[in-house]
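Observations on the three-dimensional arrangement
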Amino acid sequence: MKIVKFGGTSVGSPERMANVAEIITSDQEEKIVVLSAVSGTTNKLVSICDSLYAQNIAEGKEKVKSLYDSYLPFVETLLKKEEYIQKGKIVIENQFAAIHNCVDTSFTVREERIILAQGELISTQLFQLYLEENGITSTLIPALDFMRTNRDEEPDLAQIEKLLSTILHEKSGEKIFITQGYICKNINGEIDNLKRGGSDYTASLIGAAIDATEVQIWTDIDGMHNNDPRIVDRTEPISELTFDEAAELAYFGAKILHPYTIRPVRDKGIMVRLKNTMDPKADGTAISNKTIDKEIKAIAAKDNITAVKVKSGRMLLAYGFLSRLFGVFDKHKTSIDMVTTSEVAVSLTIDDDSKLDLIKTDLESFGFVEVDTQQTIICIVGQFVAEKKGIIKKVFDALEDISIRMVSYGGSKNNISILINMEDKEKALKVLNKELFGL
Ligand code: ADP
Ligand code: ASP
Ligand code: MG
């Protein structure tokens, strides 16, 4: 069985949904189809929640109404027979009733998560109605019945495996299953989600849970490009990446993949294929264990990074010092991305600064603490074995006009990370594209 995930733009209009139906019926293989919300919907749901948190109830209600209004023509174009249009309208009524219930009560994170879940609940039901109306048999398996997170708010793969295998066993013989990306239930049995862009993660978790033959991520571009196509004009798709290379690119900002997509499938060696819904014949990117000996493959950038420097005259590199220093980040459940050390100072970066004040206070017992916000990590990915010479020179030559705050090289053979000011990002990506790829 394979997993095929379609992102927001791929289900973004009735026409696009019809394309998805064509793609999933173009072969006979059993499949689980994971869908995102219609593009723009989750952003609008977030904006509704922002209004409700700010107690702008009237504004929140107006935004709900405008989203609701946008779904009526969607239903009337997607579905043709009156009977199906009515069924589609009932889906919209039901899911918007769930939103209204949250608007009319005191607003907490619990209500927020219920509202955020509605996009995927709507898209999957409408898509299934479309299939049904067109004579295509499919089975909806609600993600809320099997996607689970644990005490640490991480996906609970063992639970997912257990629940999903029972469901699939009960429905054995079916060929096409449909489910929601992004949404799950947490340890308290409440509706929750896998964070923005999380439908990719849903797909790879399901892939790992059922030992899928392959996980396909269908989106609006022909695979992973060698640089950020939103910023740089001339970028090219990469035909093959290793799991490690793809994981680095996803983690360090290549938006095409949720940062953790590769984790569940890497150990099992399940191939991930990135495909373009608008151009299904294009090769896309195949992500597997296969190594292609190409020095520099791609560049990505991750914004809103905070750099923390701890300067201490005493015992900085003494035994146990770094362990105690990292213990502060552990205590505040904040992960560190880059680290550099010298005899007198340690610099590191974090992307979640929600506990920064507490971290800073704790670190002050070690020495003088300096914080720089608004930083960007530029990540250059490829095969950088130690014997290869001149790669760092090429990178530094390209960045000669940009001030560099930190460099990390040698942590893995796949990654060179460079910290710069966020305002220099665009320029850095463009000059690197020219110098490293000649584009
Ligand atoms: P979906 O809604 O299908 O999940 P996303 O918007 O999350 O799609 O991801 C696809 C987008 O990722 C592309 O349209 C592209 O603009 C952006 N992107 C950023 N970096 C890259 C990259 N290195 N390669 C390909 N796409 C990228
Ligand atoms: N709909 C969710 C989002 O926009 C999840 C996803 O599309 O992957 O973030
Ligand atoms: Mg996405």
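Structural notes, computed from the coordinates. Counting restarts for each chain: residues are numbered from 1 in the order of the written sequence. In the order they appear in the text, chains get letters beginning with A and ligands get numbers beginning with 1. In keeping with the predicted nature of the model, local features appear solely for residues at pLDDT of at least 70, side-chain atom pairs appear and are counted solely at 80 or more, and the whole-chain, interface and lining totals rest on all residues. The basis for every side-chain value is the complete set of heavy atoms in the structure, and neither hydrogens nor water enter the calculation.

The number of helices and strands found in the protein is 13 helices and 16 strands. Here the C-alpha atoms of the protein give a radius of gyration of 23 Å, agreeing with the 22 Å that 2.2 N^0.38 yields for 439 residues. For the C-alpha atoms alone, the extent of the protein along its principal axes is close to 75 × 50 × 40 Å. Buried means the residue's accessible area, taken with a 1.4 Å probe over protein chains only, is under 20% of the maximum for its type, while exposed means over 50%, and partly exposed covers the values in between. Relative to its 439 residues, the protein shows a buried fraction of 51%. Throughout, a contact is declared for two residues whenever any of their heavy atoms are within 4.5 Å. Within the protein, contacts between residues separated by at least 24 positions form 75% of all contacts whose residues are at least 6 apart in sequence. Carbon and sulfur atoms make up 48% of the accessible area of the protein, which totals about 20000 Å². Counting 53 positive and 66 negative side-chain charges, the protein places the centres of these two groups 2 Å from one another. Secondary structure follows DSSP: runs of H or I at least 4 residues long count as helices, runs of E at least 2 residues long count as strands, and numbering of each begins at the N terminus. Between the two quantities, the radius of gyration covers C-alpha atoms and the globule rule is 2.2 Å times the number of residues to the power 0.38. Computed by Shrake-Rupley with a 1.4 Å probe, the accessible areas treat only the displayed protein chains as cover when residues are assessed. When charges are counted, Lys and Arg contribute as positive and Asp and Glu as negative, whereas His and the chain ends are disregarded. Just so you know, the charge point we use is NZ for Lys, CZ for Arg, CG for Asp and CD for Glu.

What follows is about the pattern of salt bridges. Salt bridges are defined by distance alone: a side-chain nitrogen of Lys or Arg within 4 Å of a carboxyl oxygen of Asp or Glu. Enumeration over the complete set of coordinates arrives at 27 salt bridges. Among the ionic pairs, D104 bridges to K61, the shortest N-O distance being 3.6 Å. Of the two residues, D104 is situated in the loop between helix 4 (82–103) and helix 5 (109–133) and K61 in helix 3 (residues 57–78); the sequence distance between them amounts to 43 residues. In this structure, D244 and R266 form a salt bridge, with 2.4 Å as the shortest nitrogen-oxygen distance. Here the residue D244 occupies a position in helix 8 (residues 243–251), and R266 occupies one in helix 9 (residues 262–266), the gap between them amounting to 22 residues. On the basis of relative accessible area, D244 is assigned to the partly exposed category, the value being 34%. With relative accessibility at 28%, the residue R266 sits in the partly exposed group. Connected through shared salt-bridge partners, K2, D27, E29 and K31 make up one network.

Take the pairing of strand 14 (residues 368–382) next. Here, strands pair whenever DSSP counts at least two bridges between them. Sheet analysis places strand 11 (residues 296–311) next to strand 14, joined by 12 bridges and oriented antiparallel. Bridge assignment links V308 to a residue of strand 14, and that residue is V371. Relative to strand 16 (residues 415–421), strand 14 runs antiparallel, the two being bridged by 7 bridges. In the strand pairing of strand 16, V381 is matched with N415.

Turning next to the packing of helix 10 (residues 321–331) against helix 11 (residues 356–363). For every element, the axis is a line fit to its C-alpha atoms; helices are fit only across the contacting stretch, and the angle between N-to-C directions ranges from 0 to 180 degrees. The N-to-C vectors of helix 10 and helix 11 enclose an angle of 155°; their axes lie 10 Å apart at closest approach. Considered as vectors, helix 10 and helix 11 are oriented roughly antiparallel to each other. By crossing handedness, the relation of helix 10 to helix 11 is classed as right-handed. Along the contact surface, helix 10 presents L325, V328, F329 and K331, while helix 11 presents I359, D362 and L363. Angular relationships are summarised with four words: roughly parallel below 35 degrees, roughly antiparallel beyond 145, roughly perpendicular across 65 to 115, and oblique for the angles in between. Working rule for handedness: look at the near helix, and if it is turned counterclockwise from the far one by less than a right angle, call the crossing left-handed; if clockwise, right-handed.

If a single non-hydrogen atom of a residue is within 4 Å of a molecule or strand, that residue counts as near it. Lining the immediate surroundings of ligand 1 are 16 residues, of which G8, T219, D220, H225 and K255 lie closest. What qualifies as a polar contact is a pair of N or O atoms within 3.5 Å, subject to a donor-acceptor requirement within protein and to the restriction that residues adjacent in sequence count only when both atoms come from side chains. The contact in question runs from an oxygen atom of ligand 1 to an N or O atom on the side chain of D220, over 2.8 Å. Within the side chain of K255, an N or O atom sits 2.7 Å from an oxygen atom of ligand 1. Compared with its free state, where it exposes 570 Å², ligand 1 has 86% of that area covered by protein. For the shell around ligand 1, the class distribution of residues is 5 nonpolar, 6 polar and 5 charged. Residues were grouped as follows: Ala, Val, Leu, Ile, Met, Phe, Trp, Tyr, Cys and Pro as nonpolar; Asp, Glu, Lys and Arg as charged; and all remaining residues, including Gly, as polar.

Taken together, S36, A37, T42, E120, Y182, R196, G197, G198 and S199 form the complete shell of residues around ligand 2. Measuring from a nitrogen atom of ligand 2, one finds a side-chain N or O atom of E120 at 2.6 Å. Within the contact set of ligand 2, an oxygen atom lies 2.7 Å away from a side-chain nitrogen or oxygen of R196. In the complex, the protein chains occlude 87% of the 260 Å² of accessible area that ligand 2 would expose alone. Counted by class, the shell around ligand 2 contains 2 nonpolar, 5 polar and 2 charged residues.

Before going further, it helps to spend a moment on the sheet that holds strand 10 (residues 285–288). Strand order across the open sheet formed by 8 strands is 3-4-2-1-7-9-10-8, with mixed pairing between neighbours. Only two strands of the sheet have a single partner each, and these edge strands are strand 3 (139–140) and strand 8 (240–242). The pairing of strand 8 with strand 10 spans 3 bridges and is classified as parallel. When the sheet's bridge partners are listed, L241 is paired in strand 10 with I287. Each of strand 1 (2–6), strand 2 (31–35), strand 4 (176–180) and strand 7 (214–219) is contacted by helix 1 (residues 14–24), which is oriented at about 165° to strand 1, the strand it contacts most.

Turning our attention to the environment of I122. Relative to the elements of secondary structure, I122 occurs in helix 5. Linking I122 and G88, residues 34 residues apart in sequence, is a C-alpha distance of 9.2 Å. Ignoring any residue separated from it by four or fewer positions in sequence, one finds I122 in contact with Y71, V91, I92, Q95 and F96.

On to helix 2 (residues 41–53), then. Along its 13 residues, helix 2 runs 18 Å from first to last C-alpha, staying within 8% of the 18 Å computed at 1.5 Å per residue. Those residues of helix 2 that fall on the buried side of the exposure criterion are T41, T42, L45, I48, C49, S51 and L52. Contacts from the buried residues of helix 2 go to helix 3, helix 4 and helix 5. Every helix has an expected span of 1.5 Å times one less than the residues it contains.

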